[in-house]
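# Residue-level structure breakdown
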Amino acid sequence: MTDTDYTYAYASMILHRNRIPMPSADFVPNWPDKPRATKHYPGALTFPLPDDPEPAATTGDDQPFTLPALGAMLRDSYGLTGRRLAIQANTDVHGYPFYTRANWSRGTASGGGLYPCSVYWIAGPGAGVCPGVYHYACRTHAMQRLLAGDVTHRVRAALGVDTGASQFLVVGVKYWANAFKYNTFAYHAVSMDVGTLVQTWRLLAGGRRIDPHFWFDQAALARLLGLPGDEEGLFAVVPLTWTTPPPTADPGPVPPATAHPGRPGTVAAPPGRPGTVAVRRRDQERSRVVRTFDAVRRVHHATAQAAGDRPAAGSLAAAAATPSTGGGDRITLPPATPPDVPVRTALTRRRSSFGRFDASMPMTTADLASLLVAAQAAQLPTEVAAPGDGHLVKLYAFVNHVRGIPAGSYEYDPAHHQLRTVRTGSPAIFLQRNYFLPNYNLEQAAAVVVPTVRVNAVLDATGPRGYNVVNATIGAVAQTFYTTAAALGLGCGVALGFDGVSYIEELGLTGETPMLIMLAGHERALASDYRYELR
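Quick caveat, the model's predicted, so the values are computed rather than measured.

### Describing the packing of helix 5 (residues 186–205) against helix 12 (residues 466–488)
As a packed pair, helix 5 and helix 12 sit with axes 6 Å apart at the nearest point and diverge in direction by 55°. One element, helix 5, and the other, helix 12, form an angle in the oblique class. Seen from above, helix 5 lies across helix 12 with right-handed handedness. Across the interface between the two elements, Tyr 187, His 188, Ser 191, Met 192, Gly 195, Thr 196, Gln 199, Thr 200 and Leu 203 from helix 5 touch Tyr 467, Asn 468, Asn 471, Ala 472, Ile 474, Gly 475, Ala 476, Gln 479, Thr 480 and Thr 483 from helix 12.

### Topic: the environment of Trp 242
Here Trp 242 shows up in the loop between strand 8 (232–240) and helix 7 (294–305). Separated by 77 residues in sequence, Trp 242 and Ala 165 place their C-alpha atoms 7.3 Å apart. Leave out the neighbours within four places in its chain, and Trp 242 touches Pro 64, Phe 65, Thr 66, Leu 67, Leu 70, Trp 121, Gly 126, Ala 127, Ser 166 and Gln 167. A polar contact of 3.3 Å, which involves the side chain of Trp 242, links it to the backbone oxygen of Gly 126.

### Observations concerning the confidence of the model for the chain
Per-residue confidence for the chain gives a mean pLDDT of 88, with 87% of residues at or over 70. Here residues 248–274 is a poorly scored stretch, pLDDT under 50, and it has 34 contacts once near neighbours within four places are set aside; other chains count.

### Looking at the pairing of strand 6 (residues 142–148)
Buried residues dominate strand 6, accounting for 7 of its 7 residues. As paired elements, strand 1 (residues 45–48) and strand 6 share 4 bridges and run antiparallel to each other. Paired with Phe 47 across the two strands is Met 143, which belongs to strand 6. Once strand 5 (residues 132–137) ends, the chain turns through 4 residues before running back antiparallel as strand 6, passing His 141 with a positive phi of about 50°.

### Re a positive patch on the surface
Where like charges cluster on the molecular surface, the positive patch consists of Lys 34, Arg 139, Arg 286 and Arg 288. Within the fold, Lys 34 resides in the loop between helix 1 (3–15) and strand 1.

### Section: the pattern of salt bridges
Inspection of the entire model under this criterion finds 15 salt bridges. Arg 330 serves as the salt-bridge partner of Asp 413, at 2.9 Å between the closest nitrogen and oxygen. Here Asp 413, found in strand 11 (residues 408–413), pairs with Arg 330, found in strand 9 (residues 330–332); they are 83 residues apart in sequence, far enough to count as distant. Taking the relative accessible area as the measure of exposure, Asp 413 reaches 3% and is therefore buried. Overall, the relative accessible area of 33% leaves Arg 330 in the partly exposed class. Between Glu 411 and Arg 420 there is a salt bridge, and its shortest N-O distance comes to 2.7 Å. In this structure Glu 411 comes out as buried when scored by relative accessible area, which is 4%. Shared partners join several salt bridges into a network, and the residues in it are Lys 394, Glu 411, Arg 420 and Glu 512.

Rules and cut-offs
- Residues numbered from 1 in each chain as written.
- Predicted model: local features only at pLDDT ≥ 70, side-chain atom pairs only at ≥ 80, totals over all residues.
- Heavy atoms only, no water.
- Axes fitted to C-alpha atoms, helices over the stretch in contact; angles between N-to-C directions.
- Helix = DSSP H or I, 4+ residues; strand = E, 2+ residues; numbered from the N terminus.
- Parallel < 35°, antiparallel > 145°, perpendicular 65-115°, else oblique.
- Left-handed = near helix turned anticlockwise from the far one by under 90°.
- Contact = heavy atoms within 4.5 Å.
- Polar contact = N/O pair within 3.5 Å; in protein donor to acceptor, adjacent residues only side chain to side chain.
- pLDDT = per-residue confidence, 0-100.
- Buried < 20%, exposed > 50% of the residue type's maximum accessible area, 1.4 Å probe, protein only.
- Pairing = 2+ DSSP bridges.
- Patch = residues over 30% accessible without salt bridge, like charges linked within 9 Å, V, L, I, M, F, W, Y side chains within 5 Å.
- Areas by Shrake-Rupley, 256 points an atom, 1.4 Å probe, with all protein chains shown as cover.
- Salt bridge = Lys/Arg side-chain N within 4 Å of Asp/Glu carboxyl O.
- Lys, Arg positive; Asp, Glu negative; His and termini not counted.
- Charge placed at Lys NZ, Arg CZ, Asp CG, Glu CD.

Printed below as a string of structure tokens:
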């Protein structure tokens with residue numbers, strides 16, 4: 001089997017993993033030797049990012065970024081926002097009172113509460129900082145300079161298109177930051193994390209454009225960023241329109257690159273000059289033992305090698321979700337009213353409920369409608385999209401406790417804003433029997449929403465790189481669901497520990513893969529709920 005074909009095999013292993021254990025099923029995390037939560041570049045020049053205390057609302061389709069706007073977006077998405085401590089059903093809650101194991105909150109959801117995504121800023125002229133390559137240190141809300149000099153031409157060459165942008169964010173994933181806990185499942189989880197992060201940026205950006213690129217010369221960008229071998233994958237490049245556009249005229253002679261004493265590799269060569277200019281600083285690993293997993297390595301190779309083979313615009317149309325045509329009773333939902341809560345406030349409130357759902361307080365039909373409409377709209381744009389492509393995601397809802405809707409399983413029809421009945425009767429036993437973690441009683445959730453994607457159809461249409469698009473899209477749906485629930489004052493949880501094959505059988509799906517389950521409902525009031533906000 002070639003690495004290209006392996007993407008199909010990996011997707012199949014993920015779907016069947018609760019019936020057929022994936023490789024390394026006997027792996028046990030070595031918690032005392034776990035990696036740092038984020039990358040660490042000792043000795044790098046570091047400066048704190050400014051932060052808009054109250055980001056101004058923007059209008060229009062492509063308003064420019066400023067340094068304070070970038071700082072606010074990064075803090076509200078991946079920076080630390082507070083510390084939390086409450087009684088809940090997670091198995092590791094006993095460690096949270098200790099400062100060394102503190103449970104810090106942030107706006108963006110992540111599998112296992114980890115920080116596997118790396119955010120690099122490749123800054124060009126006009127940003128208010130020295131042009132170069134920077135790493136966002138989320139725990140200190142600061143930028144670490146890894147290389148000085150304008151290398152944005154290298155990013156444009158890797159993209160293969162001129163976006164007109166002078167600044168770029170690059171989202172990577174250091175695999176060991178997730179694989180130490182999830183081994184071969186890591187690639188599936190972290191590719192969703194990329195989507196949660198990018199979608200948080202889109203929610204925060206207002207009129208500023210956040211259009212991620214998934215197809216680019218990954219090898220060239222990895223060389224520029226000094227990323228070794230299979231340790232880290234690059235998943236998305238996000239061009240940023242800045243207040244000061246890049247110069248269009250020749251700026252004149254550029255002095256040759258020179259090495260800074262004591263800081264090798266921190267000065268870039270001039271545009272167009274051949275050489276091996278690259279970041280030479282290396283992330284300092286905390287773990288004494290770092291393992292690699294063959295499944296992660298192979299799917300990484302498959303998607304990375306295909307990163308430069310951009311499909312034609314409109315390719316995803318062949319993999320769009322099929323419209324609802326089945327029989328069964330239909331329930332028309334009330335109009336969805338967007339919550340009147342600032343995005344920053346909703347992101348600060350966001351958390352996972354972990355066993356705190358309370359079935360004695362049913363959800364309203366209007367709240368369920370708002371969650372479904374928001375999740376359905378959370379489709380990440382891609383550079384291969386074309387008008388009329390349709391959505392990749394279809395939503396199903398298992399209703400336990402929603403006023404005005406009988407308990408049962410339903411397909412959401414976004415075209416008519418209706419629920420089509422799939423099965424009548426309480427789904428509680430099915431839901432709990434097919435969930436494999438102790439941190440939720442699914443019967444207590446008011447509703448469990450399941451997004452599905454025609455994964456093999458996406459791979460057929462776009463090649464292995466489409467796997468990243470699938471999971472990033474699902475991550476975006478999950479992040480929007482979380483944020484909307486927080487804005488509505490509802491509890492929320494997203495989980496991957498379920499038997500996807502059973503969901504296919506229960507819902508009668510053909511060609512669709514259930515990707516995760518999203519729980520929503522009211523929570524019990526907890527007198528012991530401790531929260532400390534950092535701003």
